[in-house]
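Structure assessment
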Amino acid sequence: MTWKSPVALVREALQGQRAREKDLRSLMSNLPYEGLEKGKQPNRYFPSNAIKTTKYSLLLFIPMNLYEQFHRLANIYFVGLAILNFIPVVNAFQPEVALIPICIILSLTALKDAWEDFRRYQSDKKLNNTPCFIYSRKEKQFVERRWKDVRVGDFVKVVCNETIPADLLLLYTSDPNGVCLIETANLDGETNLKQRTAVSGNPEFEPESFNGIVVCEKPNNNLNHFKCYMWVSNTQKVGAGIESLLLRGCTVRNTDHAVGFVVYAGHETKSMLNNSGPRYKRSKLERRLNIDVFFCFILLFAMCLIGALGHFIWLYALPGVPPYLVPPANGHLDSPNLSSFYMFFTMIILLQILIPISLYVSIELVKIGQIFLITNDIDLYDEETDSRIQCKALNITEDLGQIEYIFSDKTGTLTENKMVFRRCSIMGTDRTGSSSRCQKIDPYLEFFLALTICNTVVVSMTNNPLETLSSLVKNTGNILKCCKRKPKRNRTFTMDSDDQFQPSVKMEEPGTSGLQPCSLHAASLHDKHPLTSDNLRYEAESPDEAALVYATKAYGFTLLARTPDSVTVRLPSGEVLVFEVLDTLTFDSNRKRMSVLVRHPITKEYVLYTKGADYAIMELLGTPYAGIGNEKNIAAVTQRHLDCYAKEGLRTLCIAKKVVSEAVYKHWLVERQRALTAIDNREVLIMDTAVQLETNLTLLGATGIEDRLQENVPDTIMALRQAGIKVWVLTGDKPETAVNIGYACRLLEDEDLITCRAILDCTLEEVRRYNSDPRNVDTTLNISLVIDGRTLTMALSPDLRGDFVDLAKHCRSVLCCRVTPLQKSRVVKVIREKLKVMTLAVGDGANDVNMIQAADIGIGISGQEGMQAVMASDFAISRFKHLKKLLLVHGHWCYTRLANMIIYFFYKNVAYVNLLFWYQFFCGFSGSTMIDYWLLIFFNLFFTSLPPIMFGIMDRDISAEMLLGVPELYKTGQGEGDYRFTTFWVSILDAFYQSLVCFFIPYFVYQDSDIDMFTFGTPLNTTALFTILLHLSIEIKSWVIMLGSVLFYFIVTLAYSATCVTCNPPSNPYWVLQNQMADPMFYLICILSTVVALLPRYTFHVLRNSIALSPLIEAKHLDRLDPSMREEWMKEWRSYRGGGQVQRSTLSTPPSPTLENPVDIFSESLAVSDIMGDDFTLNVFGQ
């Protein structure tokens, strides 16, 4: 290895940084440079494929971990005080003793971090040493290497069921059509297969003959986009996108082998760039906690200042120098001013536990325990999917008990997302979704042919490879007969033009290519042709597409195979057509449609089939089908059918086609190729070319697909609304469909319905008039708002945003229709920021990710649309109904436990520290203590720490049955909840009072006696323990942990007093507690002090539980009854408390819709054009 100067190393590092930061990268094959030193490699500036996710190294673990822990200000505070205690003039404890608490905390945290990092190291080692195949020029073949040996510019071969080691540009596959199927479950959770196509398309690809240059964009974390082109010659370049990229971490399926060119490796791969580690969110309670810690700092400063001033006054009041003031080595005492300055820092060390050092660790332990209980709740387990709730954000469990707004997706969240084809409209004729064969009329055939072709469904077989091989060999004769037979009769197709044709279906001879192991492609006619449609399986990216393809199969149009270049369809007559696929214009959220451009195998015409949302298709229609009389009104009739489908709650799609002339296609192809090979604005250019072709469409028909509600969705939404949570549903469906689902899931009421077609100000003014009416005091106007996407865009504009939020906060529920994913996240952000409320978003698909991440808590549902929402969420559930118990029960428990535990921690630390503070008034503010230092440390670290932790994890103030039966109890946690400003300061004042009682009752009892300092401090310490533990017993139900703490205190203290003579010189705690326990006065002091200290608090609780009953107190009383009687009381209580809460709106209302058809009023009073029009429309529904 040649030596390089530091200047050369720096220059090379800067060159590498510039190469990595370029927007475009030019990559070359490494094969011509194989064996040369690194400095001569063309891709040397790009990282290797080895990954390292560990944070520490063995040598630097201690300093790096301490650096990480010192990012928490509390640790710096306590370490600083421990160091300050080593200064002789200000120390309050024995210096080594003062280090014990912070050392224990730091050591426990370091052990936890070390274990986590060691697990990451083991994972990295296993991954980096995974075998793979890299092409070697010397060996003239692919040789086995490790993942860490892969470099940018290498050729890597992946085989069936193997994980892809790096981001590969697909150049060759074993499939004759250049197709490779991959499973992306490790990246986005989707188990359906994705189709990738080779760039070169060369069936005889040889790595050594590759001399092209690959130009790609800088690495990014977008899993759905990739910009690249490849120079195959000096003048020809071929564009490539995400459809040709094999991502690291994906698994090859149903493809024997594939070869790719490494474009990104290691930490630059898309999967690693998306691996941001666990998310960290600060809960509302934690933010409030930091404010109260600041108040404790102020209180500590005030107490230390009093101690310093008291010491100054005491020194000045001395007539001389008392004998117990020993001067330092120089023989002179410090001046009162300097002594009081030193005493200020001594008091900080003495009273430091006013800031609870163990609070943060205790909170982490409590949250881990709470998560364990949530994840092991059998009611949140889904047997059908064998999945339970997942908690990914470990530090916001208490926020589940403070939610005020829920934003929910509809499809897959409220519904099953298991699509069933129910209705279709074909050229103006309505048909039900039966499985009978279609009529032998040309428009029907064209409609189902469009449904079969216009999708991205991948065809595979249900059999495993051995079964497939056996089936194909067994039925070879039947396959040949099927392929060679002539059609029984001709079929006439009517196209957009006046030309008619008599297609004698031209059949191709089956190919003779051999069967490949692990290749399950349902091949086109020149490949293996499947025998029957029974063994076909369709892998669809959305349930809608799968439902449509299975529906066309039921009607006799069977999708047999799909390759990048062709689609094979079997007609009801048994004839097989192979359509050449010229291009696929994929779906995007802007166009709301997708198209497939094919060449008809018989007419050789260029036909564009388009499928999309009804409004997206209707506005692109040209002249409808002409020449058969009544079909001029097809669009209007189809629109009426669509409205009827929407009223039934069906999801609607429109199907259209267009015949493209050869001249138009060739001109468009040039623009398309230019867009595909572009790097800058590639997505925009591709979308522009799609829009350019999708014009003057001919409507073929529409479909209605049923998506049924999930189990118990209406009950869940009703319970959430009773809990004071406002539910918003954000969906992309038609308003009629959304409103129907809204009634079905009880988001909207079945009673009075109002449609106010007015500007926002008018509607808002009507609500304000209602609220200002004295007759409507303490009542709520029950209204629901239905708003479409275009209107929502206007409502969220800066000049109308405030009025929209003002109106929305008066609505019980809001239904947003035709909204985009971006609008979903904007709505959540606006409500969260403007109203300062706690929000929760729940969804199941990739289009819900932005909304989930914008809310305080994001919940993903593991449904039919993959796992993108789950992977981006804080909590993951399998059913919407689980939200009820998660919020109303676990949310209430987690918040109540943690809030009371934090307040209790502050209380017990203030109460105990004040014992030391009151003692300073009788020892000249000298910083002395009447309790041994070891017992001081043990008191907060061991004796009183376990009960509040167990309280925070296990305590149940109200049973789950009561919380589910009376959802109104959830309201106690909303807003400020239990952890309020007043609650904190009342607890602090109570701590001051109890410390006064615990100090001065023993003081007056032992006044003028000759007992020593530790004899006086022992009853104080014991009384403080009893008082602090019994204080918690007011809230907690189980006293076992209390008795355990008391027993542990006496065992440790007795053992310490018996064995430690001078453990903390010059103090001598030997046999102190033993002597005290032999004195009846000790027991009298403990009992009297504890009773007097807790008397006000117990009196307050008795009065509160008997006179001013809160809903929680009533619920606790009902919990004590037996189940049958409790159920009767709950029903009576619900009817009583819910009776006068809501007053009917005085707004004028039309007649109430019937329960059988609740949307009829809506359809009569509001046309689709009203909702979709340019005028500002708000639809307000009220009781």
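Note: the structure precedes this text.
Now for a look at the structure at hand. From a predicted model like this one, the values you see are computed outputs, not experimental measurements. Each chain has its residues counted from 1, running along the sequence as written. Thresholds applied to this predicted model are a pLDDT of at least 70 for local features of residues and 80 or more for the giving and counting of side-chain atom pairs; totals over whole chains, interfaces and linings are not thresholded and use all residues. Each side-chain value is worked out from all heavy atoms of the structure, with water and hydrogens disregarded.

We count a stretch as a helix when DSSP gives it H or I for four or more residues in a row; a strand needs E for two or more, and each element gets its number in order from the N terminus. If you tally the helices and strands in the protein, you get 38 helices and 37 strands. The buried share of the protein, reckoned over its 1183 residues, is 55%. Whether two residues are in contact is decided by their heavy atoms, any of which lying within 4.5 Å being enough. Counting contacts in the protein only where the partners sit at least 6 residues apart, residues at least 24 apart contribute 75% of the total. Each residue's exposure class comes from its accessible area (1.4 Å probe, protein chains only) as a fraction of the maximum for that residue type: buried when under 20%, exposed when over 50%, partly exposed otherwise.

Turning to the packing of helix H31 (residues 1013–1033) against helix H32 (residues 1040–1059), a few remarks are in order. Axis angles are defined between N-to-C directions and span 0 to 180 degrees, where every axis is a line fitted to C-alpha atoms and, for a helix, only to the segment in contact. H32 packs onto H31 with a crossing angle of 170 degrees between their chain directions and a minimal axis gap of 10 Å. Classed by the angle they form, the pair H31 and H32 counts as roughly antiparallel. Classified by chirality, the crossing of H32 by H31 is right-handed. For the pair H31 and H32, the contacting residues are Thr1018, Asn1021, Thr1022, Leu1025, Phe1026, Leu1029, Leu1032 and Ser1033 in the first and Met1042, Ser1045, Val1046, Tyr1049 and Phe1050 in the second. Taken together, the residues of the contact of H31 with H32 sort by class into eight nonpolar, five polar and no charged. Here is the rule for angles: anything less than 35 degrees is roughly parallel, anything more than 145 is roughly antiparallel, 65 through 115 is roughly perpendicular, and the remaining ranges are oblique. Two helices that cross are described as forming a left-handed crossing if the nearer one is turned anticlockwise from the farther one by less than a right angle, and a right-handed crossing if clockwise. When residues are sorted by character, Ala, Val, Leu, Ile, Met, Phe, Trp, Tyr, Cys and Pro go into the nonpolar class, Asp, Glu, Lys and Arg into the charged class, and all the rest, Gly among them, into the polar class.

With a phi angle near 65 degrees, Asn712 is a residue other than glycine that sits in the positive phi range. With respect to the helices and strands, Asn712 occurs in the loop between strand S28 (698–706) and helix H18 (713–722). Residue class for Asn712 comes out partly exposed when judged on its relative accessible area of 35%. Residues other than glycine seldom take positive phi values, yet Lys836 does so here, at roughly 55 degrees. As for its placement among the helices and strands, Lys836 is situated in the loop between helix H23 (821–835) and strand S33 (839–843). What makes Lys836 exposed here is its relative accessible area of 67%.

With that settled, consider the sheet that holds strand S2 (residues 131–136). Strand pairing is assigned whenever DSSP detects at least two bridges linking the two strands. Strands sit in the order S3-S2-S4-S13-S5-S11 across an open sheet of six strands; the sheet is antiparallel. The two strands at the open ends of the sheet, each matched to only one other strand, are strand S3 (141–146) and strand S11 (245–246). One ladder, built from six bridges, connects strand S5 (residues 167–173) with strand S13 (residues 257–264); its direction is antiparallel. Residue Thr173 lies in a different strand from S13, and its bridge partner there is Ala258.

For any two helices packed against each other, one specifies the crossing angle of their axes together with the interaxial distance. Relative to each other, helix H7 (residues 284–317) and helix H30 (residues 981–1005) sit at 35 degrees, their axes nearing to 11 Å. Of the two elements, H7 crosses H30, and the hand of that crossing is right-handed. For the pair formed by H7 and H30, the contact residues are Arg288, Asp292, Phe295, Cys296 and Leu299 on the first element and Phe981, Phe984, Trp985, Ile988 and Phe992 on the second. Across the contact of H7 with H30, the residue classes break down as eight nonpolar, no polar and two charged.

We now examine the sheet that holds strand S12 (residues 251–253). Taken in spatial order, the three strands of this open sheet run S7-S6-S12, and their pairing is antiparallel. The strands lining the two open edges of the sheet, one partner per strand, are strand S7 (193–197) and S12. Pairwise comparison of adjacent strand axes, ignoring direction, gives a mean angle of 45 degrees for this sheet. Note that strand S6 (residues 179–183) and S7 share five bridges and pair antiparallel. Counted as the bridge partner of Glu183 is Leu193 from S7.

The subject of this paragraph is a nonpolar patch on the surface. What goes into a patch is any residue over 30% in relative accessible area without a salt bridge, connected to like charges within 9 Å or, for nonpolar side chains (Val, Leu, Ile, Met, Phe, Trp, Tyr), within 5 Å. Computed by Shrake-Rupley with a 1.4 Å probe, the accessible areas treat only the displayed protein chains as cover when residues are assessed. Here, a salt bridge means any Lys or Arg side-chain nitrogen found within 4 Å of an Asp or Glu carboxyl oxygen. The grouping of Ile104, Leu108, Leu111, Phe942 and Phe1048 at the surface amounts to a nonpolar patch, some 460 Å² of accessible area in total. At three residues, helix H4 (residues 95–128) tops the list of elements feeding residues into the nonpolar patch. Looking at where Ile104 falls in the secondary structure, it is placed in helix H4. Ile104 gets classed as partly exposed once you look at its relative accessible area, which sits at 31%.

A word on the side chain of Asp292. Relative to the elements of secondary structure, Asp292 occurs in helix H7. Not counting residues up to four positions away in its chain, the partners in contact with Asp292 are Phe906, Tyr979 and Phe984.

Within this structure, the stated rule accounts for 34 salt bridges. A salt bridge links Glu398 to Lys367; its shortest N-O distance comes to 3.2 Å. Here Glu398 is found in the loop between strand S14 (390–391) and strand S15 (405–408), whereas its partner Lys367 is found in helix H9 (residues 359–375), with 31 residues between them in sequence. In this structure Lys367 comes out as buried when scored by relative accessible area, which is 6%. One salt bridge connects Asp1119 with Arg1126, and the closest N-O pair in it is separated by 3.2 Å. You can call Asp1119 buried: its relative accessible area is 16%.

Attention shifts here to the environment of Lys410. Residue placement: Lys410 occurs in the loop between S15 and strand S16 (420–426). Overall, the relative accessible area of 2% leaves Lys410 in the buried class. It is 8.3 Å that separates the C-alpha atoms of Lys410 and Ala738, two residues lying 328 residues apart in sequence. Not counting residues up to four positions away in its chain, the partners in contact with Lys410 are Thr415, Val729, Leu730, Thr731, Asp733 and Ile741.

In this structure, Leu351, Met901, Ile902, Phe906, Met930 and Tyr979 are the most contacted members of the largest nonpolar core, which totals 102 residues. The greatest single-element share of this core, amounting to 19 residues, is contributed by helix H26 (residues 882–920). When neighbours within four sequence positions are excluded, Leu351 is seen to be in contact with Leu300, Met303, Cys304, Val913, Leu916 and Phe917. The next biggest cluster of nonpolar side chains, apart from the first, holds 64 residues, and it includes Val457, Leu620, Leu699 and Ala702. Only buried residues count toward a nonpolar core. Its members are Ala, Val, Leu, Ile, Met, Phe, Trp, Tyr and Cys residues joined through side-chain atoms within 4.5 Å.

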